[in-house]
Amino acid sequence: MNWDDETAPAAEDRIVGASAEGDDQAVEAALRPKDLSEFVGQEKVRQQLDLVLRAARQRGATADHVLLSGAPGLGKTTLSMIIAAEMNAPIRITSGPAIQHAGDLAAILSSLQEGEILFLDEIHRMSRPAEEMLYMAMEDFRVDVIVGKGPGATAIPLELPPFTLVGATTRAGLLPPPLRDRFGFTGHMEFYEPAELERVVHRSAGLLDVEIDTAGAAEIAGRSRGTPRIANRLLRRVRDYAQVKADGVITREIAAAALGVYEVDARGLDRLDRAVLQALLKLFGGGPVGLSTLAVAVGEERETVEEVAEPFLVREGLLARTPRGRVATPAAWAHLGLVPPQAGGTGAAGSGQQGLFGA
């Protein structure tokens, strides 16, 4: 089991949100695997990273710089801690938004020990001056510290001990090529399959001392949106329900009832997701409809609909973004148990959606 964008607009405090705040962070720390053998899923990344770390240990050298990309909650932070454990090295944790000046980065780099792991989360949000300083630090293990101002300013080279930078990003495309090229290993984290999430749920249940059967774990995994962080959060909420409303044992029926209370349906959609689909289908006949209009219809900000709700709906094949606006797919009608209007109807339904999907 494993985990880990910046805070999304509004609604990202929902139960199926992929960001971790407050109590979530403390619980994650307790549930994180300690080495690669315990890490569930991400088989290709795990095997490749294992080779990189083993080779570095055999050479007695620091590991190559590592870049981990992927959606929030898939395990980037966990893997960075595992890298430190596998290399028997201390780890320093910071983030891109915290480094707004080159001096901020110079202070961190100059205090690193030899072989230390520097984990830089949301590396794509680092300031440009700090980014340019990082180029030299990664490649030559030195930085130039500027002393003074104006014509009298002097650059003093500062040698750094060898270290390993582990960068994490949810938006790899925002990293400039010179920075990407300085990473010796790049791993992309994929969304998890239900069977992998079942293993995550079983392992977490054991650590939390929760009794759960196979069907109960499968029910939670199926509603976890392919993300271990969400699976663990749902497990904790189902545990609470089982403790208060049942005998403490999580079965499929208990899991389904508990997640019904929290408005998470069988595909992992929550209230916001369903509100967007219902507005698109019932008010606009399946579209196409503009994003701003759709946001007004559900009473949310445009950014909330676009960045919080839409990515999962698109990934699930329930909504499509077209040049003319947002359009519901046949799967969306089926999921909400509605019948698509017939081609040639009036209103938004007759404005082209049926031609797009042939329903």
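A. Broad picture of the packing of helix H7 (residues 194–207) against helix H9 (residues 228–245). Where H7 contacts H9, the axes come no closer than 10 Å and their chain directions differ by 45°. Judged by the angle between their axes, H7 and H9 are oblique. Two packed elements cross with a definite hand, and for H7 against H9 that hand is right-handed. The residues of H9 that touch H7, namely those facing Leu197, Val200, Val201, Ser204 and Ala205, are Pro228, Ala231, Asn232 and Leu235. Grouping the constituent residues of the contact of H7 with H9 by class yields seven nonpolar, two polar and no charged.

B. A negative patch on the surface, seen in detail. A surface patch of like charges, here negative, comprises Glu211, Asp213, Asp247 and Glu253. When you line up the elements, Glu253 lands in helix H10 (residues 252–261). Overall, Glu253 belongs to the exposed group, its relative accessible area being 57%.

C. Layout of the pairing of strand E3 (residues 117–121). The element E3 is extensively covered by neighbouring structure, given that four of its five residues are classed as buried. For strand E2 (residues 91–95) and E3, the ladder comprises five bridges, and the chain directions are parallel. Note that in E3 the partner of Ile91 across the bridge is Ile117. Chirality of the crossover, the property in question, places the unit of E2, helix H4 (residues 102–110) and E3 among those that are right-handed.

D. Main features of helix H3 (residues 76–86). Most of H3 sits out of view: nine of its 11 residues are buried. Along H3, the residues classified as buried are Lys76, Thr77, Thr78, Leu79, Ser80, Ile82, Ile83, Ala84 and Glu86. If you follow the buried residues of H3, they end up packed against helix H2 (43–59), strand E1 (66–69), E2, E3 and strand E6 (164–169).

E. Summary view of the pattern of salt bridges. Within this structure, the stated rule accounts for 18 salt bridges. For Arg182, the salt bridge goes to Glu139, with nearest N and O atoms at 3.2 Å. With Arg182 in the loop between helix H6 (177–180) and strand E7 (185–188) and Glu139 in helix H5 (residues 128–140), this pair connects stretches of sequence that are 43 residues apart. Overall, the relative accessible area of 25% leaves Arg182 in the partly exposed class. By sharing partners, the salt bridges in this structure join Glu219, Arg223 and Arg252 into a single network.

F. The arrangement of H4 in detail. Here H4 has its buried residues at Leu105, Ala106, Ile108 and Leu109. All buried residues of H4 lie within an arc of 165° about the axis, which places them on one face of the element.

G. Fine view of the environment of Val264. By the secondary structure assignment, Val264 is in the loop between H10 and helix H11 (271–283). Residue Val264 is classed as buried on the basis of its relative accessible area, which comes to 1%. Sequence-wise, Val264 and Arg274 are 10 residues apart; in three dimensions their C-alpha atoms are separated by 9.7 Å.

Thresholds, definitions, all that
- Residues numbered from 1 in each chain as written.
- Predicted model: local features only at pLDDT ≥ 70, side-chain atom pairs only at ≥ 80, totals over all residues.
- Heavy atoms only, no water.
- Axes fitted to C-alpha atoms, helices over the stretch in contact; angles between N-to-C directions.
- Helix = DSSP H or I, 4+ residues; strand = E, 2+ residues; numbered from the N terminus.
- Parallel < 35°, antiparallel > 145°, perpendicular 65-115°, else oblique.
- Left-handed = near helix turned anticlockwise from the far one by under 90°.
- Contact = heavy atoms within 4.5 Å.
- Nonpolar A, V, L, I, M, F, W, Y, C, P; charged D, E, K, R; others polar.
- Patch = residues over 30% accessible without salt bridge, like charges linked within 9 Å, V, L, I, M, F, W, Y side chains within 5 Å.
- Areas by Shrake-Rupley, 256 points an atom, 1.4 Å probe, with all protein chains shown as cover.
- Salt bridge = Lys/Arg side-chain N within 4 Å of Asp/Glu carboxyl O.
- Lys, Arg positive; Asp, Glu negative; His and termini not counted.
- Charge placed at Lys NZ, Arg CZ, Asp CG, Glu CD.
- Buried < 20%, exposed > 50% of the residue type's maximum accessible area, 1.4 Å probe, protein only.
- Pairing = 2+ DSSP bridges.
- Right-handed = clockwise from strand over helix to strand, strands pointing away.
- Arc of directions from axis to C-beta.

All we've got here are geometric facts, nothing functional implied.
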